[in-house]
Amino acid sequence: MERATHPEAASEAPAAAATNGKPEADTFDVRRPVDGSVIEAVAIDSPESVAETFARARAAQPAWEAIGFDGRRRWMEALRDWILDNQDRLDTLMQEETGKVRADAALEAFYCLDAINYWVEQGPKLLADEIVTPHVLLLRAKRSKIVYRPFGVAGFISPWNFPVILSLGDALPALVAGNAVVIKPSEVTPLTLIEMVRGWREDVGAPDVLHVVNGMAETAGALIDAADYVQFTGSERTGKIVMKRAAETLTPVSLELGGKDPLIVTRDADIDRAVNATAWGGLVNSGQICISIERVYVEEPVYDQFVDKLRSKIETLRQGADGNTYTAEIGAMTAPAQVEIVSEQVEDARDAGARILTGGRRGEGPGDWYEPTLIADADHSMKVMREETFGPVIPVMKVKDTEEAIELANDTSYGLGSSVFAGDAAEGERIARRIEAGHCNVNDVLVNYNVLGLPMGGWKNSGIGVRHGAQGIRRFCRTEALTIPRLPQAKSEPIWFPYNARKRGIVRRLYRFLNARGLRNRLGL
Ligand code: NAD
């Protein structure tokens, strides 16, 4: 496959504020995945530096909370407008550090624009005081309500595949809820986030409640120790380490981890739509999406037709560095180590007898490239059907019926997402309701992520907690339960001290009256 190159990808990129305004320290290099060259070195935040950053965030948080939803909305909308004004520059920087094609890089800003508008609109409604009507009649003399109060400073640890959506994007509801935020981006791709946090501080002039700290495990550990709430997005292996560390300080966590998302195609499905959806859902962002289509089950009568059409579709895709020309669909792989994993899984499938119909090789020359790959006749003996691939590889397996497809789709330790292509929506929904995963898109792929009112999170080893929807913002708050008197109050209550037989007798009869069923029984007759 020929690879397009567009030098403007590199020349347009601005220098990011690599040290984030901090004194010189140890550094790590950020590279261009398209050719492996170094963009720049970024200073590592020591545990002391992380603690100082949290102290600044903590100092700024009360005023941020106090300005209320309207005050915060003003700053969030200023950030939205800054992103709009700077999107080309941000997309270019994003491409440079991730190797994404332009269309995929642009998704990051699109998400933030939409999510800012969603959370500033919905946040005040989702976090409004909730009135609770007590189930016991006598307690209705009180007004009972749930109040949502921000944790304080929320910490985020994020991966390299969507460096902004999964860091700042996830932090938006925390900010709208009144928290300050400290983010540790992936050391593979920190530059666009650093630039956005600089923009918030210097260009927008917003309050000191959005911070970035850089580094690896030690920096992340210090963040967990200091945060009031931790959201981690990354691998299952690191997620377990994060949860253990957070247990030391009993800090609540949400974990958004890996997946092995299945896609089922029934014999009645619209095969052309299923093929186009599988190609995009499996290969967008070079397959480096936690909710990528990672394995496909197709009913026997349409299997050959599906595989042939999918091969033709994938063979039309262009791979390369497209600058801002939108002339490629598949970019580089962002993390060098991921190319090894993908390569190993494809060779394992080849050795076990699967047919590699297209792709199946690393790209030649410098950089981290792997060809878009279609594997036919896969089965569950192969790693590519059981372990997370996180690359541009689509393995397809023939099944005799939908029962077998559902059984195999659920035969995994993961449970992040899924898709079903069926002849009609009702049949699709029947199958969807039997899939063990946090979401299922009927006759579509990945689309649930854009419905911000829907919870997005994993079952089983794919995580704990959700982003998006009511839970997606309420998780950044502590609940406080209030009872407030409606009526003038007596000096004492019957259940308070002192105890005596007469008072306890009344209480006893009252509980019997309220909780027994049938009048005679209530009266103790
Ligand atoms: P990773 O687990 O290697 O790293 C994630 C983050 O954890 C990075 O910022 C890293 O520096 C940090 N980290 C490393 N060691 C740590 C430690 N000991 N303690 C605390 N933090 C530490 O993941 P990755 O390779 O960056 O990302 C790929 C993984 O992320 C895949 O498994 C993918 O499925 C998953 N992912 C999940 C979602 C989701 O929403 N469920 C979204 C995107 C990616």
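Figured I'd write up the structure that's included with this text.

Cut-offs and rules
Residues numbered from 1 in each chain as written. Predicted model: local features only at pLDDT ≥ 70, side-chain atom pairs only at ≥ 80, totals over all residues. Heavy atoms only, no water. Axes fitted to C-alpha atoms, helices over the stretch in contact; angles between N-to-C directions. Helix = DSSP H or I, 4+ residues; strand = E, 2+ residues; numbered from the N terminus. Left-handed = near helix turned anticlockwise from the far one by under 90°. Contact = heavy atoms within 4.5 Å. Expected span 1.5 Å × (residues − 1). Buried < 20%, exposed > 50% of the residue type's maximum accessible area, 1.4 Å probe, protein only. Polar contact = N/O pair within 3.5 Å; in protein donor to acceptor, adjacent residues only side chain to side chain. Core = buried A, V, L, I, M, F, W, Y, C linked by side-chain atoms within 4.5 Å. Pairing = 2+ DSSP bridges. Near = heavy atom within 4 Å. Areas by Shrake-Rupley, 256 points an atom, 1.4 Å probe, with all protein chains shown as cover. Nonpolar A, V, L, I, M, F, W, Y, C, P; charged D, E, K, R; others polar. Phe/Tyr/Trp six-rings, centres within 6.5 Å; stacked < 30°, edge-to-face > 60°. Lys NZ or Arg CZ within 6 Å of the ring centre and 35° of its normal.

1. Remarks on the packing of helix α2 (residues 47-66) against helix α7 (residues 217-226)
Next, step 1: The interhelical angle for the contact between α2 and α7, taken along N-to-C directions, is 35 degrees, at an axis separation of 9 Å. The handedness of the crossing between α2 and α7 comes out as right-handed. Packed against α2, whose contacting residues are P47, V50, F54 and R58, the element α7 presents E218, T219, A222, L223 and A226 at the interface.

2. So, helix α16 (residues 501-515)
Next, step 1: With 15 residues, α16 extends 21 Å from end C-alpha to end C-alpha; this agrees with the ideal 21 Å at 1.5 Å per step.
Next, step 2: Among the residues of α16, those classed as buried are K503, G505 and V507.
Next, step 3: For α16, the capping residue at the N-terminal end is N500, with a side-chain oxygen 3.2 Å from the backbone nitrogen of R502.

3. What about the nonpolar core?
Next, step 1: Grouped together as the largest cluster of nonpolar side chains are 114 residues, with contacts concentrated most on I83, F306 and V396.
Next, step 2: In terms of residues, this core owes the most to one element, helix α4 (residues 102-126), which gives eleven residues.
Next, step 3: Sequence-distant contacts of F306, defined by excluding residues within four places in its chain, comprise V265, I271, A274, V275, T278, V296, V298 and V396.
Next, step 4: Of all hydrophobic cores here, the second largest spans 27 residues; its members include I264, M333, I356 and V420.

4. Thoughts on the sheet that holds strand β16 (residues 393-399)
Within a sheet, each strand pairs with its neighbour through backbone hydrogen bonds, oriented either parallel or antiparallel.
Next, step 1: Across the sheet, which stays open at both edges, the seven strands sit in the order β14-β15-β16-β12-β11-β18-β19 with mixed pairing between neighbours. What marks the edges here is a single partner per strand, and that holds for β14 (355-358) and β19 (441-442).
Next, step 2: Relative to β19, strand β18 (residues 419-421) runs parallel, the two being bridged by two bridges. Among the inter-strand pairings, V420 is bridged to a residue of β19, identified as V442.
Next, step 3: Packing against the sheet, helix α9 (residues 271-283) makes contact with β11 (261-265), β12 (293-299), β16 and β18, and its axis sits at approximately 140 degrees to β16.
Next, step 4: Set on the sheet, helix α13 (residues 402-409) makes contact with β11, β12 and β16; between it and β12 the angle comes to about 160 degrees.

5. As for the site of the ligand
Next, step 1: Residues in contact with the ligand amount to 27 residues; listed here are only the nearest, S158, E187, S235, L257 and E388.
Next, step 2: The separation between an oxygen atom of the ligand and a polar side-chain atom of W160 is 2.9 Å.
Next, step 3: One nitrogen or oxygen atom from the side chain of E187 is found 2.6 Å from an oxygen atom belonging to the ligand.
Next, step 4: Relative to its unbound accessible area of 860 Å², the ligand is 89% covered by the protein chains.
Next, step 5: Where the shell around the ligand is concerned, the elements lending two or more residues are α7, β9 (229-233) and α8 (236-248).
Next, step 6: Ranked by residue count, the leading element in the shell around the ligand is α8, at three residues.
Next, step 7: In terms of residue class, the shell around the ligand is made up of 14 nonpolar, eight polar and five charged.

6. A closer look at unusual backbone geometry
Next, step 1: For the bond from F497 to P498, the omega torsion is -5 degrees, close enough to zero to count as cis.
Next, step 2: Relative to the helices and strands, P498 resides in the loop between β22 (477-485) and α16.
Next, step 3: One non-glycine residue, S286, adopts positive backbone phi at about 55 degrees.
Next, step 4: Relative to the helices and strands, S286 resides in the loop between α9 and β12.
Next, step 5: The backbone of Y326 sits at a positive phi, close to 55 degrees, despite the residue not being glycine.

7. Regarding the packing of aromatic side chains
Next, step 1: Using the criterion set out here, one finds eight aromatic pairs in the structure.
Next, step 2: With centroids separated by 5.7 Å and ring planes inclined at 50 degrees, the aromatic side chains of Y111 and Y449 adopt a geometry described as tilted. One end of the pair, Y111, is in helix α4; the other, Y449, is in the loop between β19 and β20 (459-460), with 338 residues separating them in the sequence. Accessibility classification places Y111 together with Y449 in one group, the buried group.
Next, step 3: Relative to F390, the ring of W160 lies with its centre 5.4 Å away and its plane at 75 degrees, an arrangement referred to as edge-to-face. With W160 in the loop between β6 (153-157) and α5 (165-176) and F390 in the loop between α12 (383-386) and β16, the pair connects residues that are 230 residues apart, well separated along the chain. For the pair W160 and F390, one class covers both residues: buried.
Next, step 4: Every member of this aromatic cluster is reached through a ring pair, and the members are F151, F156, Y229 and F476.
Next, step 5: Its guanidinium or amino end placed over the ring of F69, R72 lies 4.9 Å from that ring's centre, counting from NZ or CZ.

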